Amino acid sequence: MAIATEPLTEIAVAEKRRGYWGTVGKRLTRDPVSMICAGMLGLIFLAAIFAPYLGLPDPYQGSMIRRLQPFGTAGHPLGTDELGRDMLSRLIHGGRLSLLIGILPVFNAFIIGTLLGVIAGYNGGWANSAIMRTIDVFYAFPSVLLAIAISGALGAGILNSIVSLTIVFIPPIARVAESVTTSVRNLDFVDAARASGAGAMTIMRVHVMGNVLGPIFVYATSLISVSMILAAGLSFLGLGTRPPQPEWGLMLNTLRTAIYVNPWLAALPGVMIFAVSIGFNLLSDGLRSAMDIRN
Amino acid sequence: MLVYLAKRLAYTVPIVFSVALVCFMLVHLSPGDPLISILPADASVELEQRLRIQYGFDRPLPVQFWIWISNALSGDLGASIANGRPVLSEVLQAVRNTLLLACTAAVLGFALGMFFGLVAGYFRDSWIDKLATSIAIAGVSVPHYWLGMVLVIIFSVQLNWLPAVGAGPGNWSWTWTHLQYLVLPAVTMAVIPMGIITRTVRALVGDILSNDFVDALRAKGLGEGRVFLHVIKNAAPTAIAVMGLQLGYLLGGSILIETVFSWPGTGFLLNTAIFQRDLPLLQGTILVLALFFVFLNLFVDMLQAMIDPRIKRG
Amino acid sequence: MHSLNTKTRALLGGCCLAMALALQTGVASAESVLRIGMTAGDIPRTLGQPDQGFEGNRFTGLTMYDALTQWDLSSAEDASVVIPGLATEWSVNEDDQTKWTFVLREGVTFHDGSPFDADAVVWNVQKVLDEDALHYDASQVGVTASRMPTLRSATKIDEYTVELTTSEPDSFLPINLTNLFMASPAKWQEFFDGASGDDTAKAAAAWDAFARDASGTGPWIMESFAPRERLELVKNDDYWDAGRVPNVDRLVLYPMPEANARTAALLSGQVDWIEAPAPDAIAQIESRGFVIHKNEAPHVWPWQFSRIEGSPWNDVNVRQAANLCIDREGMRDGLLAGLMAPATGAVEEGHPWRGDVTFNITFDPDEGRRLMEESGFSAENRLSVKALTSASGSGQMQPLPMNEYIQQALGECYFDVELEVLEWNTLFTNWRQGAKDPASLGAHSTNVTFATMDPFFALVRFLQSGMAAPVSNNWGYINEPLYDELVEKARRTFEPEARDAALAELHAASVNDAAFLYVAHDVSPRAMSPNVQNVIQPKSWFIDFSPISIEE
């Protein structure tokens, strides 16, 4: 699994002008693929958020005599899992943790990585070296290995997987932020602002951030898919959420022993991970081309 | 050019050292007792203390790091706590199996990715392009451990065509007896690089085709076949570089696939080491994999620098 | 590794190993092979003291090695008891009960041809207990010393007599000694002499080499070893017990930690025998004509009660009521698909430590409710208890469903059970910390399963007051003068039958007092192909591979 293999700085540094985001939004809504993805993701999110109010069976309530029931069982449209718990309810409730541990690390890394990258890129020199060289060290690990090593060190748990994935995603985001900032810093309008006596903080906040956030945001959205897969993967290895919490990766893990009894049931949680992952990927692609003013 | 190479090489030294430091810190700052794998919970406190001293876990961390790193420089990564065997030989044995899997997957992913990417880029916006792009996006979005499970369900459980798990009996050989074990994990593993290469190559082909010289070639009356060949020649170096990096990700990320298929590689080793808290084995495995990745990066950079003399980064 | 082995063997030209090999190549076509998938993630250590718990002893201890005493594995019905092994008889010194005399079996040789004698026994005690010995190996200490906590040293009396010394009088020593396997000092010395560096480096190298080319006295001889992949053993035609010379020519062991992987390997014919098949796959395994073997194992799945002040389990009525309210047969047939045996104590009827149990643990909820009412509880005035458990863990069987089952069953007897699910390692560590520790979260019981082969591990560490935290696993701080008295009595009774009688008294007293909520015994299931014949699965964690044959 790779992070940042495609050149991102090619996204032209957008000229800050009124209506830019409006245009992007308009172009995005005209893209049917993006809209379908957004709809699907919206549905999954809403279902996860309102899961307790949907009148679903208790996702923790098992029944020993109703284990591994097939699809279409009365009262259990998607069957039951290895402890006789309702699959549909667990899949929907599972979205709460899966989405949280998939998205939160990217969000955290977006904030921390952008800050680090902008500070490094704007100041250059000593600060740049200190930040970027440290980041290089973490960048020297393959992402999956790093996530697993950190999670393995911290131990299983939701918080620990969020921390470990955040650490994994900070370096690539910081790198993008740094290179975009460096290129923006040398542009004319920043020099002009500096000449007109604006302070470093103001310049950074208004001019640099305004021009840097867009590309990084697009990049971050493309990471969500990777993060979802990795987060569920950690749980799949037993390094993420713990039983009996419903979470897609962990469900895949515990259902694996059932592939000889009810194989397709065992594959179900993966469909959810796949759906969310591909949804975010396509949406991110759509956003990128909508923001690409050359088109 | 030479200056760039020298700089790039020199820069690798502190990186390698820092990577070793991070490995060590990760493994040692974590909670949990490193003696757990050899000491039953009912062992006496006195016995535990005795072993802690004998294994050197009572010493300050900087001292432990110094001992570890200086031994590592002479090729000695210590011995596994759980089984007493030298870590280096354990890791190299596992690396061999993982390399076998990762290289097969890389070749497969590269071949498919090149094919789909070229076709998609060449016939941009046609239905072929749409199909290839869809396959690519599915490839980069699929949770590969799940795909592995699905393939096992179809080809092992239901059709009974291929073995579900393991690397086959006895020592590896290039015969169907063993190759059949490689098929499912290698295909599963190839999916992500396939997607990434397809997308990269498609973009490259688009760029190349929009260049003036292509029009010039066509104007010169070159057949489309020759033009296509030209496109391949121009796209290949970048695709190879991307694939080189992908190989590194495959090696480091093989743990999920190796778990699904019980493949006896580094991921399997990592898993055992994590859950047994076998610190020497854990830090040794992570270090070897990370260093492999660092040197692969270095190699790819140098290769690119040699192929493309315009690069003057530093 | 292979080439190394070959070289070593060439050097040993003329020794019996090479001869055995030469013979074997001659009859290779008729060779019968038994291939087994183990649950371990790696081959258990092969140098004499295996890791991986009892599975290690089963596959790389008892196969290649012998101990001074051993378990009788010849019957599936009777309890497995300790019998003579490399020692033919033993006795304690009447004047100083910390000194034991062991008389060794004569005429036994190691696989390398060197003789087994008193020097070998002294050497093998030193390898884990004498820090000054050249061959002392810290990596073998943890798994060994904890299983023979009182053994201190050994001295040679004459060629076939040794004296063992313990730190205090301890009648359990002969049982403990089943865990001390006799490796060949001569073979080790050969590796040591061939190594280079200082003595520490040479010793380490010698143990590493020994692990790859081991030599014991057992019924199986190590032939080849690929770490994490497989271990091949061939039969020892010259085994000292002619009745236990293996039928099968070759035993191949594969580590297969994944239950699904083992199941697939069995179904596809890659192995003939797997340990612990995935429970959900058993129906399919049987439907394809494979055979499941199981038997009650020396193991208990309990709730271990807290007896600290304020714990509801301090009332004997409540403890007995809980024991009567669980339908263990129903649990076995429904929830666990036959993969458990109901527990009515730490050991069952027929075991020498069973004793005169008068509290009959059956499913009798009416009596349970009567006892609860006697203590003032009713449908209106229910008793709240908090129980610790884990979601997984070695030997824990299916902790969550089983605990939920108990939760429901006890609910019928005026209990309100709150389950607190901890991570396995946390629960296990807490076992030692005791019920008063904050990590126990104020729970009234814990749920760590345990093996019962040795009286210390089966009874003493839970029942003796001195075993409370942090010494050992008396988690609930049981402080019963009667137990302490009986433990002392058993420890100081050296005649084996009288010792067992004293242990039986202790066991009966604890069951009658409902010291635990006894729920289940594991049955250590294994699945094998129908052509594996003469499998006798004793009531033990171990199994004898010698009588097994393969029908073509």
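In this text the structure is predicted, and so the values were computed from the model without any measurement. Counting of residues starts from 1 at the beginning of each chain's written sequence and follows it residue by residue. Here every chain gets a letter starting at A, and every ligand a number starting at 1, in the order they are written. Only residues with pLDDT of at least 70 are given local features in this predicted model, and only at 80 or more are side-chain atom pairs given and counted; all residues enter the totals for whole chains, interfaces and linings.

J.: Teacher, can you tell me more about the overall build of chain C here?
T.: Put simply, DSSP marks the helices as runs of H or I at least four residues long and the strands as runs of E at least two long, and each gets a number from the N terminus on. Within chain C one finds 18 helices and 22 strands. Based on C-alpha atoms, the radius of gyration is set beside the globule rule, defined as 2.2 Å times the residue count to the power 0.38. Over its C-alpha trace chain C gives a radius of gyration of 25 Å, about what one expects of a compact globule, namely 24 Å for 552 residues. A principal-axis box enclosing the C-alpha atoms of chain C has dimensions of 80 × 60 × 40 Å. We call two residues in contact when their backbone-placed C-beta atoms lie within 7 Å. Considering only intrachain contacts with a sequence separation of at least 6, the fraction spanning at least 24 residues in chain C is 69%.

J.: Any chance you could explain the overall build of chain A here in plain terms?
T.: Secondary structure assignment for chain A yields ten helices and zero strands. In terms of principal-axis extent, the alpha carbons of chain A reach across some 75 × 45 × 30 Å. Partly exposed residues are those falling between the two cut-offs: more than 12 but fewer than 20 other C-beta atoms within 10 Å of their own, whereas 20 or more means buried and 12 or fewer means exposed, with C-beta atoms placed from the backbone. Here chain A holds 295 residues, and the buried ones make up 51% of them.

J.: Looking at this structure, I do not really get the sheet that holds strand β10 (residues 250–255) of chain C. What am I missing?
T.: Paired through backbone hydrogen bonds, the strands of a sheet run either parallel or antiparallel to each other. Residue and element names in this part refer to chain C. Spatially, seven strands are ordered β8-β9-β10-β1-β11-β20-β12 in an open sheet, and the strand pairing comes out mixed. Each end of this open sheet is capped by a strand with a single partner; those strands are β8 (220–226) and β12 (291–293). Averaged over all neighbouring strand pairs, the angle between strand axes comes to 20°, with direction disregarded. Sheet topology places strand β1 (residues 33–38) next to strand β11 (residues 273–275); two bridges connect them, and they run parallel. Its bridge partner lying in β11, glycine 37 is registered against isoleucine 274. Running over the sheet, helix α9 (residues 259–267) touches β1, β11 and β20 (526–528) and is turned about 165° from β11. In this scheme, strands are said to pair when DSSP sees at least two bridges between them. Comment: axis = line fitted to C-alpha atoms, over the contacting stretch for helices; angle = value between 0 and 180 degrees taken between N-to-C directions.

J.: What exactly am I supposed to notice about helix α8 (residues 199–212) of chain C here?
T.: Residues spaced three or four apart along an α-helix point in a common direction, a consequence of the helix completing one turn every 3.6 residues. All names here are of chain C. Expected helix span is computed as 1.5 Å times (number of residues minus one). Counted at 1.5 Å a residue, the expected span for α8 with its 14 residues is 20 Å, and the 20 Å between its end C-alpha atoms agrees. Restricting attention to buried positions, one finds in α8 the residues Ala203, Ala206, Trp207, Ala209, Phe210, Ala211 and Arg212. Buried positions along α8 lie against α7 (185–194) and β8.

J.: Please clarify how the interface of chain B and chain A should be interpreted in this entry.
T.: Often, the extent of an interface is quoted as the loss of accessible area upon association of its parts. Counting residues at the interface gives 47 residues for chain B, matched by 38 residues for chain A. When contributions to the side of chain B that touches chain A are tallied by element, the ones reaching two or more residues are α1 (2–28), α5 (127–141), α6 (144–158), α7 (176–210), α9 (224–252), α10 (254–261), α11 (266–276) and α12 (279–307) of chain B. Tallying contributions element by element places α6(B) first for the side of chain B that touches chain A, with eight residues.

J.: Even after reading the chapter, I still don't get the pairing of strand β15 (residues 383–390) of chain C, so can you show me in this structure?
T.: Residues in a regular strand point their side chains to alternate faces of the sheet. All names here are of chain C. Burial analysis of β15 places six of its eight residues in the buried class, which makes it a mostly covered element. The pairing of β15 with strand β16 (residues 415–422) spans eight bridges and is classified as parallel. Paired with leucine 388 across the bridge in β16 is glutamate 420. Clockwise travel from the first strand over the helix to the second, with the strands pointing away from the viewer, marks a crossover as right-handed. Read from β15 through helix α14 (residues 399–411) to β16, the crossover connection turns out right-handed.

J.: Which parts of the structure should I look at to understand the packing of helix α10 (residues 263–291) of chain A against α6(B)?
T.: Helices that pack against each other are described as a pair by the angle of their axes relative to one another and the distance between those axes. Between α10(A) and α6(B), whose axes approach to 9 Å, the crossing angle comes to 155°. For the element pair α10(A) / α6(B), the angle class is roughly antiparallel. When the axes of α10(A) and α6(B) are compared, the crossing they make is left-handed. For the pair α10(A) and α6(B), the contacting residues are A:Pro263, A:Ala266, A:Ala267, A:Gly270, A:Ile273 and A:Phe274 in the first and B:Trp146, B:Met149, B:Val150, B:Ile153, B:Val157 and B:Gln158 in the second. Note on residue categories: nonpolar means Ala, Val, Leu, Ile, Met, Phe, Trp, Tyr, Cys or Pro, charged means Asp, Glu, Lys or Arg, and polar means any other residue, Gly included. Its residues assigned to classes, the contact of α10(A) with α6(B) comprises ten nonpolar, two polar and no charged. An angle below 35 degrees is read as roughly parallel, one above 145 as roughly antiparallel, one from 65 to 115 as roughly perpendicular, and any other as oblique. Crossing handedness is defined as follows: a turn of the near helix away from the far one that is anticlockwise and smaller than a right angle gives a left-handed crossing, while the clockwise case is right-handed.

J.: Please explain the nonpolar core as it appears in this structure.
T.: Soluble globular proteins: nonpolar side chains tend toward being buried together. With 331 residues, the main nonpolar core has A:Ile173, B:Cys23 and B:Ala290 as its most contacted residues. Considering each element in turn, this core owes the most residues, 16 residues, to helix α8 (residues 200–236) of chain A. Here the bounds of each domain stem from an automatic or database domain assignment. Each of domain 1 (2–73) and domain 2 (90–313) of chain B accounts for three or more of the residues forming this core. Beyond its immediate chain neighbours, meaning those up to four positions away, B:Ala290 contacts A:Ala140, A:Phe141, A:Leu145, B:Val19 and B:Cys23. Among buried residues, those of type Ala, Val, Leu, Ile, Met, Phe, Trp, Tyr and Cys that are joined through C-beta atoms within 7 Å form a set called a nonpolar core.

J.: What is the right way to look at the sheet that holds strand β4 (residues 87–92) of chain C in this model?
T.: All names here are of chain C. Here four strands make up an open sheet; going across it, the order is β4-β5-β7-β6 and the pairing antiparallel. The strands lining the two open edges of the sheet, one partner per strand, are β4 and β6 (151–158). Across the sheet, the mean angle from the axis of one strand to that of its neighbour is 25°, orientation sign disregarded. Pairing of β4 with strand β5 (residues 99–104), which is carried by five bridges, proceeds in the antiparallel orientation. Note on β5: the bridge partner recorded for tryptophan 90 is phenylalanine 102.

J.: I keep staring at the interface of chain C and chain B and nothing clicks. Help me out?
T.: Taken together, the contacts link 34 residues of chain C with 28 residues of chain B. Listing elements by their share of the side of chain C that touches chain B, those giving two or more residues are α5 (138–145), α8, α9, α15 (424–433) and α16 (455–463) of chain C. Per-element accounting of the side of chain C that touches chain B gives the leading share, six residues, to α5(C). When the residues that make up the side of chain C that touches chain B are grouped by side-chain class, the tally is 16 nonpolar, nine polar and nine charged.

J.: So what exactly am I meant to see when it comes to the confidence of the model for chain C here?
T.: One rule of thumb: low pLDDT means the predicted coordinates there are not for detailed reading. Residues and elements named next belong to chain C. Across chain C, the average pLDDT comes to 89, with 95% of residues at 70 or higher. As a per-residue measure, pLDDT tells how confident the predictor is, with possible values from 0 to 100. Low confidence marks residues 1–28, where pLDDT is under 50. Its contacts with residues over four positions away, or in another chain, come to 22 contacts. Reported confidence for the predicted complex is 0.85 by ipTM and 0.80 by pTM.

J.: Which parts of the structure should I look at to understand the environment of A:Arg96?
T.: All names here are of chain A. Considering the arrangement of structural elements, one finds arginine 96 in helix α3 (residues 87–123). What makes arginine 96 partly exposed here is the crowd of 19 C-beta atoms within 10 Å. With 48 residues separating them in the primary sequence, arginine 96 and alanine 48 have C-alpha atoms 5.1 Å apart. Leaving out residues up to four positions away in the same chain, arginine 96 has contacts with Ala48 and Ala51.

J.: It is not clear to me how the packing of α10(A) against α5(B) should be interpreted in this structure. Could you clarify?
T.: Two numbers describe how α10(A) lies on α5(B): the axes approach to 9 Å, and their chain directions differ by 120°. In this view, α10(A) runs oblique relative to α5(B), as classed from their interaxial angle. As for the relative orientation of α10(A) and α5(B), their crossing is right-handed in sense. Where α10(A) abuts α5(B), its residues A:Phe274, A:Ser277, A:Ile278, A:Asn281 and A:Leu282 lie against B:Ile137, B:Ala138, B:Val140 and B:Ser141. The class makeup of the residues in the contact of α10(A) with α5(B) is six nonpolar, three polar and no charged.

J.: I tried to follow the environment of A:Thr23 on my own but got confused; where do I start?
T.: Assignment of secondary structure puts A:Thr23 in helix α1 (residues 20–29). Sequence separation between A:Thr23 and A:Gly240 is 217 residues, and the spatial gap between their C-alpha atoms is 40 Å.

J.: Would you take a moment to explain the confidence of the model for chain A for this structure?
T.: Confidence in the prediction for chain A averages 83 pLDDT; 91% of positions are at 70 or higher. Here residues 1–17 of chain A is modelled with pLDDT under 50, and outside its nearest four sequence neighbours on either side it reaches 46 contacts, counting other chains as well.

J.: Honestly, the pairing of strand β9 (residues 230–235) of chain C in this entry has me stumped. Any pointers?
T.: All names here are of chain C. Taken together, the six bridges between β8 and β9 define a ladder with antiparallel strand orientation. Paired with serine 224 across the two strands is glutamate 232, which belongs to β9. Counted along the chain from β8 to the antiparallel partner β9, the turn is three residues long, and its residue arginine 228 has a positive phi close to 65°.

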